[in-house]
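The chain contents come next:
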Amino acid sequence: MKASDVKKGNVVEHDGTVYQVRDIERSSPSARGGNVTFRFTLYSIPGGRKFDLSLRADDELREMDLVRRAANFSYMDDGAFVFMDAEDYTQYPLSPELVGDNAGYIVEGIEGYYVQLIDDAPVGLQVPSSVILTVVDTAPEMKGSSATKRNKPAKLNTGIEVQVPEYITNDEKVWVNTLTGEFAGRA
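A few points on the structure.

Reading the values: rules and limits
Residues numbered from 1 in each chain as written. Predicted model: local features only at pLDDT ≥ 70, side-chain atom pairs only at ≥ 80, totals over all residues. Heavy atoms only, no water. Salt bridge = Lys/Arg side-chain N within 4 Å of Asp/Glu carboxyl O. Helix = DSSP H or I, 4+ residues; strand = E, 2+ residues; numbered from the N terminus. 1 Å grid on protein atoms, 1.4 Å probe; cavity = no way out; pocket = protein on both sides within 12 Å on 5 of 7 lines; lining within 4 Å. Points joined across faces, edges and corners; volume = space filled by probe spheres on them. Nonpolar A, V, L, I, M, F, W, Y, C, P; charged D, E, K, R; others polar. Phe/Tyr/Trp six-rings, centres within 6.5 Å; stacked < 30°, edge-to-face > 60°. Lys NZ or Arg CZ within 6 Å of the ring centre and 35° of its normal. Pairing = 2+ DSSP bridges.

Looking at the pattern of salt bridges
Okay, step 1: The tally for this structure, following the rule as stated, stands at six salt bridges.
Okay, step 2: Between arginine 69 and glutamate 87 there is a salt bridge; the shortest N-O distance is 3.8 Å. In this pair, arginine 69 is assigned in strand β6 (residues 66–77) and glutamate 87 in the loop between β7 (80–85) and β8 (91–94), connecting sequence segments 18 residues apart.
Okay, step 3: Arginine 69 is paired through a salt bridge with aspartate 88; the nearest N and O atoms lie 3.8 Å apart.

Here it is as structure tokens:
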């Protein structure tokens, strides 16, 4: 497809890497006969690394067909996270490298996970915007300190650590925002 036909959200291949288009900036030259250029802000799939690319209107990009399938986390298998398709029960093993930083947000019984596929091969994982996790280790609340709003570190059941308000105790369930990695409230 020509660079002038690319839209936001398209998935394209450039130099052997697959990217999703997040932003497009079009610049028209003021001189006659100048070429229109497109500046793309791309994010790699998997990994989410940012990449800026400038192309002329007639330059070619190969469009990839990215499919998102709703899936639920099933179990761990030799370090791989196994997700099961919510519709046809296909199992998708995702390596820790493919899951990346999202590993701390994967728990059983939560819906909203999407496995991203290209040619029926898993290439990425989209997690829900927030998940419920259990506090497994945090310091006890200090008595008489309720006048000031202070946070303390808390280790959660998936191994990640977040800052929580002082009133949160062990074994409490809390909402965690997966975009920011911050405490979002009691569950």
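There's more to say after this.
Observations regarding the layout of surface pockets
Okay, step 1: Taken as a whole, the second largest pocket encloses approximately 190 Å³ of empty space.
Okay, step 2: Lining the second largest pocket we find Asp101, Asn102, Tyr105, Leu125, Gln126, Val127, Pro128, Ser129, Thr178 and Leu179.
Okay, step 3: The class makeup of the residues in the lining of the second largest pocket is five nonpolar, four polar and one charged.

A look at the packing of aromatic side chains
Okay, step 1: For the structure shown, the criterion picks out five aromatic pairs.
Okay, step 2: Ring centres of tyrosine 19 and phenylalanine 51 lie 5.2 Å apart, and the angle between their planes is 15 degrees; this geometry places the pair in the stacked category. A residue pair is termed long-range when its members are at least 10 positions apart, and tyrosine 19 in strand β2 (residues 17–27) and phenylalanine 51 in strand β4 (residues 50–56) qualify at 32 residues.
Okay, step 3: Lying over the aromatic face of tyrosine 114, arginine 68 brings its terminal NZ or CZ to 4.2 Å of the ring centre.

Observations regarding the pairing of strand β10 (residues 121–126)
Okay, step 1: As paired elements, strand β9 (residues 113–118) and β10 share five bridges and run antiparallel to each other. Each bridged residue has a counterpart across the sheet, and for valine 115 the counterpart in β10 is leucine 125.
Okay, step 2: Following β9, the chain reverses through two residues before pairing antiparallel with β10; aspartate 119 in that reversal takes a positive phi of roughly 55 degrees.

Considering the pairing of strand β11 (residues 130–138)
Okay, step 1: In this structure, β11 lies alongside strand β14 (residues 173–177), joined through five bridges in antiparallel fashion. Each bridged residue has a counterpart across the sheet, and for isoleucine 132 the counterpart in β14 is tryptophan 175.
Okay, step 2: Sheet topology places β11 next to strand β12 (residues 151–156); three bridges connect them, and they run antiparallel. Along β12, the bridge assignment pairs threonine 138 with alanine 154.

The quantities given are spatial measurements derived from coordinates; they are silent on function.
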